[in-house]
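Single-letter residue listing:
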Amino acid sequence: MLKAKIQTPAFNASVKAQGSLKVDPKPPSDLEQIMSLCANSDYVITIDGGGSKTLLQVIDTRDSSVVELDIDGKTTKAVIVGPTNINVVGFDEARRNLEELMELLSKAKIGSNTLEGIERRSIVCGLAGLLSNLDKKPVILDIFATLGVKEHQVYLAGDVDLAKQLIGDEGAILISGTGSICFSKSSGIEKRIGGYGWALGDEGSGFYIGRLALKAALDDEFQHSTPFVLTDKLCDLLHLKSINEVFEPFYSRAINPSEVAKITPFVFDAAFKQNDPRCKAIIELAASELAKHIALAVEGSNKPNFPIYLIGGIFKNENAPAFIEMIRQQVPYSHGLKFVNIAEENIAMQVILSQAKVTHTQRAVLV
């Protein structure tokens, strides 16, 4: 006959300790968090915040359509306010712009219902500059709470964290707006290239191009070199009587990086429409810097047609196709690159809609 084991206090303590060693379930991935919010919401408020502007659109999750909002009697599918990149405009301005966005949204109606009054709604938000300002996250969540959206109904991340949900096992995101950064997955390795801000990096960005244009104008002023075609335009844009007045406001940041980046479209126009050699040289330098980012991104990969998703104001320019080709020609990748320009898209919305398309395709296969 088997004898029962004596359960001593030490034995009971051991059993209790083993119970406490249970492994916690793996936390959900970013994409799983986003899709869980979508599954539990009738409407998802998508926010894409950058160094030049902040774009908000609302998705009806039941049919993946972009909702038409009625704000003070005016209908729109997109609400736009000022920039919310903390590194570019500072936190106070970013906060004011987010507060303005929430105030506009509090007035928004979908049909006869106010968006604020709809219970099953959530927010998916990607903000440029958030990765280096994570301490500001609670304050931003409090701003969203003014709309009645609770913290568990919000996915808030940096623009790169959000954008990288678009790529699979092999691919890259190249962002070039006011600033620049590249994120890639290749051969099982994740890389971040650049994204160090205007003072330490942002090569190939709008700020980079604008800064080189300012330098060209100053060279013209002080060295009596070849007249720079944009000097008068730069003075008008920056409210200067003469280009040699730029030093104090530039270094005190009275002229901030987003204002410098606004010079970029004029450099593109002078390069491609007027065939100005100095502006062409600036654009070529920017293309070269972004090509270096991509070369590092694809290093070690042998994937054919390596996908590069392009985001940011640089790729919204009408001359973007020619600029992208300049970048392509400088990347020595023998398997080919596939550039996908989604600069005109709301990235938060793009992530949700692309995942919805994947889910729909999977369901169709199972049927």
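Residues numbered from 1 in each chain as written. Predicted model: local features only at pLDDT ≥ 70, side-chain atom pairs only at ≥ 80, totals over all residues. Heavy atoms only, no water.

Turning next to the pattern of salt bridges. In this structure the tally under the stated criterion is 10 salt bridges. One salt bridge in this structure joins R62 and D60, with 3.0 Å as the shortest N-O distance. With a relative accessible area of 55%, R62 lands in the exposed category. A salt bridge links R95 to D92; the shortest N-O distance between them is 3.4 Å. With R95 and D92 both in helix α4 (residues 91-106) and 3 residues apart, this pair spans about one turn of that helix. (Salt bridge = Lys/Arg side-chain N within 4 Å of Asp/Glu carboxyl O. Buried < 20%, exposed > 50% of the residue type's maximum accessible area, 1.4 Å probe, protein only. Helix = DSSP H or I, 4+ residues; strand = E, 2+ residues; numbered from the N terminus.)

The next thing to look at is unusual backbone geometry. Positive phi, close to 60°, is recorded for S64, a residue that is not glycine. Its location among the elements puts S64 in the loop between β2 (54-60) and β3 (65-66). With a phi angle near 70°, R253 is a residue other than glycine that sits in the positive phi range. Positionally, R253 belongs in the loop between α9 (247-251) and α10 (257-261).

Further remarks concern the packing of aromatic side chains. Summed over the entire model, instances satisfying the criterion amount to 7 aromatic pairs. Aromatic pair F207 and F250: ring centres 6.4 Å apart, planes at 15°, arrangement stacked. Taken together, the residues span a long stretch of sequence, with F207 in helix α7 (residues 206-223) and F250 in helix α9 at a distance of 43 residues. Residue classification places F207 among the buried positions, given a relative accessible area of 3%. Here F250 falls in the buried class, since its relative accessible area comes to 15%. Ring centres of F315 and F323 lie 6.3 Å apart, and the angle between their planes is 35°; on these two criteria the pair is classed as tilted. Exposure remark for F323: the relative accessible area of 0% places this residue in the buried category. (Phe/Tyr/Trp six-rings, centres within 6.5 Å; stacked < 30°, edge-to-face > 60°.)

So, about the sheet that holds strand β15 (residues 337-341). Hydrogen bonding along the main chain pairs the strands of a sheet, whether they run parallel or antiparallel. In space, the 5 strands of this open sheet follow the order β13-β12-β11-β14-β15, with mixed pairing throughout. Either end of the sheet is taken by a strand with one partner, and the two such strands are β13 (189-194) and β15. Pairs of neighbouring strands in the sheet enclose a mean axial angle of 15°, with direction left out of account. Both strand β11 (residues 171-176) and strand β14 (residues 306-311) contribute to a ladder of 4 bridges, which runs parallel. Among the inter-strand pairings, L174 is bridged to a residue of β14, identified as L310. Those strands touched by helix α13 (residues 320-329) are β14 and β15, and its axis lies near 155° from that of β15. (Pairing = 2+ DSSP bridges. Axes fitted to C-alpha atoms, helices over the stretch in contact; angles between N-to-C directions. Contact = heavy atoms within 4.5 Å.)

Closest axis-to-axis distance for the α7/helix α12 (residues 277-298) pair is 10 Å, and the angle between their directions is 145°. When you trace α7 past α12, the crossing you get is right-handed. Mapping the contact onto sequence places Y208, I209, L212, A213, A216, D219 and D220 in α7 and R278, I282, I283, L285, A286 and E289 in α12. The residue inventory of the contact of α7 with α12, partitioned by class, reads 9 nonpolar, no polar and 4 charged. (Left-handed = near helix turned anticlockwise from the far one by under 90°. Nonpolar A, V, L, I, M, F, W, Y, C, P; charged D, E, K, R; others polar.)

Further remarks concern the nonpolar core. The biggest cluster of nonpolar side chains holds 53 residues, and the ones touching the most others in it are I308, F315, F323 and I327. Looking at this core, the elements that each hand over two or more residues are β11, α7, α8 (231-238), α11 (264-272), α12, β14, α13 and β15. Per element, the largest residue contribution to this core is 10 residues, and it comes from α12. Setting aside its immediate chain neighbours within four residues, I327 contacts A287, L290, A291, I294, F315 and F339. Counting residues in each nonpolar core, the second largest holds 35 residues, with L98, I118, I140 and L141 among its members. (Core = buried A, V, L, I, M, F, W, Y, C linked by side-chain atoms within 4.5 Å.)

With that settled, consider the pairing of strand β9 (residues 121-127). Along β9, 7 of the 7 residues are buried, which leaves the element largely enclosed by surrounding structure. Side chains R121, I123, C125 and L127 project from β9 onto one buried face, and the interleaved S122, V124 and G126 project onto a second face that is buried too. Bridge count between strand β1 (residues 43-49) and β9: 7 bridges; the pairing is parallel. Within β9, the position partnered with Y43 by the bridge is R121. In this view, the connection linking β9 to its parallel neighbour strand β10 (residues 154-158) by way of helix α5 (residues 137-145) has right-handed handedness. (Right-handed = clockwise from strand over helix to strand, strands pointing away.)

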